[in-house]
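The chain contents come next:
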Amino acid sequence: MGNSASAHKISAQDKAILDMKNQRDKLHQYQRRITVLTDREKEIAKQMLAKGDKPRALLALRRKKYQESLLAKTDAQLEQLEKLTSSVEFALVQKDVVFGLQQGTNVLNEIHKEMGGLEHVEKLMGETADAVAYQQVSSWLDSLFTC
């Protein structure tokens, strides 16, 4: 009733793409955590400034700046990962296209073999031209003798 194990085999390429997409998802989660931390540090800095505790406000702003630098690095990693994933997926599409072209070429070669090759086709065309010429001469002669 269910899918058999041989019906859907997972290739190494499929596994690699899945791993990259899982890593992308983890980076997105990390970005959300960093954003929450950054917002929290900003609020702490506001609170400390309101209380008049300038050193702690500056410390919170330094931590916020550090979190923002981590966020920028994560953005760069995420961009690289997405580019790599797209490249791998496109390469797989190209591989399928090349395979299709190869199959088409093989079918055309088989058809050409069945037709007897180019020489056979040229010979057949020549014989057809000769038959047409003979028919024209025969019609011309018939018209001469019937007059």
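Here, the structure is the one placed above.
Residues numbered from 1 in each chain as written. Predicted model: local features only at pLDDT ≥ 70, side-chain atom pairs only at ≥ 80, totals over all residues. Heavy atoms only, no water.

A word on the overall build of the chain
Reasoning step 1: Looking only at helices and strands, one finds three helices and zero strands in the chain.
Reasoning step 2: Listing the helices and strands of the chain from first to last along the sequence gives α-α-α.
Reasoning step 3: Here the C-alpha atoms of the chain give a radius of gyration of 38 Å, more than 25% beyond the 15 Å that 2.2 N^0.38 yields for 147 residues.
Reasoning step 4: Counting only C-alpha atoms and orienting by the principal axes, one finds that the chain spans roughly 125 × 45 × 30 Å. (Helix = DSSP H or I, 4+ residues; strand = E, 2+ residues; numbered from the N terminus. Rg over C-alpha atoms; globule rule 2.2 N^0.38 Å.)

As for the nonpolar core
Reasoning step 1: Membership of the largest hydrophobic core is limited to six residues, which are I17, M20, L27, L78, L81 and L92.
Reasoning step 2: Within the residue set of this core, elements represented by two or more residues are α1 (12-51) and α2 (54-115).
Reasoning step 3: Setting aside chain neighbours within four positions, we find L27 in contact with T74, Q77, L78 and L81. (Core = buried A, V, L, I, M, F, W, Y, C linked by side-chain atoms within 4.5 Å. Buried < 20%, exposed > 50% of the residue type's maximum accessible area, 1.4 Å probe, protein only. Contact = heavy atoms within 4.5 Å.)

Here's the deal with α2
Reasoning step 1: For α2, which comprises 62 residues, the first-to-last C-alpha distance of 91 Å matches the rise-based estimate of 92 Å (1.5 Å per residue) to within 8%.
Reasoning step 2: Those residues of α2 that are buried are in contact with α1.
Reasoning step 3: Immediately downstream of α2, the backbone of G116 shows phi near 95°, a positive value. (Expected span 1.5 Å × (residues − 1).)

Some remarks on the environment of Q103
Reasoning step 1: Positionally, Q103 belongs in helix α2.
Reasoning step 2: Owing to a relative accessible area of 38%, Q103 belongs among the partly exposed residues under this scheme.
Reasoning step 3: Residues Q103 and G126, spaced 23 residues apart in sequence, show a C-alpha to C-alpha distance of 32 Å.

Things to note about the side chain of K64
Reasoning step 1: Topologically, K64 is positioned in helix α2.
Reasoning step 2: With residues near it in sequence (within four places) discarded, K64 still touches T38, E41 and K42.

A word on the packing of α1 against α2
Packed helix pairs are specified by the crossing angle of their axes together with the interaxial distance, meaning the distance between the axes.
Reasoning step 1: For the pair α1 and α2, interaxial distance at closest approach is 8 Å and the crossing angle is 165°. Accordingly, the angle class assigned to the pair α1 and α2 is roughly antiparallel. Of the two possible hands of crossing, α1 and α2 adopt the one that is left-handed.
Reasoning step 2: Each residue belonging to the contact of α1 with α2 can be placed in one class, and the counts come to 20 nonpolar, ten polar and twelve charged. (Axes fitted to C-alpha atoms, helices over the stretch in contact; angles between N-to-C directions. Parallel < 35°, antiparallel > 145°, perpendicular 65-115°, else oblique. Left-handed = near helix turned anticlockwise from the far one by under 90°. Nonpolar A, V, L, I, M, F, W, Y, C, P; charged D, E, K, R; others polar.)

Digging into a nonpolar patch on the surface
Reasoning step 1: Together, V137, W140, L141, L144 and F145 make up an exposed nonpolar region whose accessible area comes to about 560 Å².
Reasoning step 2: Within the fold, W140 resides in helix α3 (residues 117-146). (Patch = residues over 30% accessible without salt bridge, like charges linked within 9 Å, V, L, I, M, F, W, Y side chains within 5 Å. Areas by Shrake-Rupley, 256 points an atom, 1.4 Å probe, with all protein chains shown as cover. Salt bridge = Lys/Arg side-chain N within 4 Å of Asp/Glu carboxyl O.)

Things to note about the pattern of salt bridges
Reasoning step 1: Summed over the entire model, instances satisfying the criterion amount to eight salt bridges.
Reasoning step 2: E89 serves as the salt-bridge partner of K21, at 3.0 Å between the closest nitrogen and oxygen. Here the residue K21 occupies a position in helix α1, and E89 occupies one in helix α2, the gap between them amounting to 68 residues.
Reasoning step 3: Here E79 makes a salt bridge to K83, at a shortest N to O gap of 3.4 Å. A residue pair is termed a helical-turn pair when its members lie 3 or 4 positions apart in one helix, as E79 and K83 do in helix α2 at four residues.
Reasoning step 4: Overall, E79 belongs to the partly exposed group, its relative accessible area being 43%.

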